[in-house]
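Structural features, examined
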Amino acid sequence: EFRLFHPGGSLGASLHFVREVMHQGEAMPLIALGEPMDRAIVVMTLVIHAALKATWFGLAVRAVTQEPVAAELCGARSLQVKTLTFGVGSATVALAAILYVLTFPVDPYMGFGLTVKAFTIIVVGGIGNLPGALIVGVLLGVSEGLVGLFWGPEWSPAISVVLLLLILVAFP
């Protein structure tokens, strides 16, 4: 069990999160989140991956993305596919935001760090490669957790930038 005493941790840093507050020198758990959250994230990812690979909608999304005119000639309605894709993407982001807010505190300036992490995960994992993004996200979270554990939590956000720079230098 890895206990986070600071809000700067990473979602993938451990398998169990416990939000605690120090009260009279004793750690008091506020809310225990972890395994259900992790399961929800994995299930959400697998459902999206299966839907994009094994359904007509997934085939239509891939066809409209690659060649919209040819997809329409084959019977896919591009506007409807794009609209439905936008709706599914928005719902996925909303669910991810709910899971994030249940785990970490929210402030008006939190967007930049999350954007850098997301950009790193997309670039390193491969654009459009859902399993690659999942693997890179977990590895980034674990590495941030280890850096925060051994070097201090202030160094954790730097890992995503360093990883991105190393990958871009090694594989331009």
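Structure first, text after, so check above.
In what follows, the accompanying structure is described. Here the structure is a predicted model, which means the values were calculated and not measured.

As for the packing of helix H5 (residues 111–125) against helix H7 (residues 158–170)
Look at H5 against H7: their axes get within 9 Å of each other, and the N-to-C directions meet at 30°. For the element pair H5 / H7, the angle class is roughly parallel. Two packed elements cross with a definite hand, and for H5 against H7 that hand is left-handed. For the pair formed by H5 and H7, the contact residues are Val116, Lys117, Phe119, Thr120, Val123 and Val124 on the first element and Ser160, Val161, Leu163, Leu164, Ile167 and Leu168 on the second. For the contact of H5 with H7, a count of residues per class yields 9 nonpolar, 2 polar and 1 charged.

Overview of the side chain of Ser160
Structurally, the position occupied by Ser160 is in helix H7. Apart from residues no more than four positions distant in its own chain, Ser160 is found in contact with Val116, Lys117, Thr120, Leu140 and Glu144.

Re helix H6 (residues 130–150)
For H6, built from 21 residues, the straight-helix expectation of 30 Å at 1.5 Å per residue is met to within 8% by its first-to-last C-alpha distance of 30 Å. Restricting attention to buried positions, one finds in H6 the residues Gly132, Val136, Gly137, Leu140, Gly141, Glu144, Gly145, Val147 and Gly148. Those residues of H6 that are buried are in contact with H5 and H7. Put simply, Asn129 is the residue that caps the front of H6, since its side-chain oxygen is 3.2 Å from the backbone nitrogen of Gly132.

Thresholds, definitions, all that
- Residues numbered from 1 in each chain as written.
- Predicted model: local features only at pLDDT ≥ 70, side-chain atom pairs only at ≥ 80, totals over all residues.
- Heavy atoms only, no water.
- Axes fitted to C-alpha atoms, helices over the stretch in contact; angles between N-to-C directions.
- Helix = DSSP H or I, 4+ residues; strand = E, 2+ residues; numbered from the N terminus.
- Parallel < 35°, antiparallel > 145°, perpendicular 65-115°, else oblique.
- Left-handed = near helix turned anticlockwise from the far one by under 90°.
- Contact = heavy atoms within 4.5 Å.
- Nonpolar A, V, L, I, M, F, W, Y, C, P; charged D, E, K, R; others polar.
- Expected span 1.5 Å × (residues − 1).
- Buried < 20%, exposed > 50% of the residue type's maximum accessible area, 1.4 Å probe, protein only.
- Polar contact = N/O pair within 3.5 Å; in protein donor to acceptor, adjacent residues only side chain to side chain.

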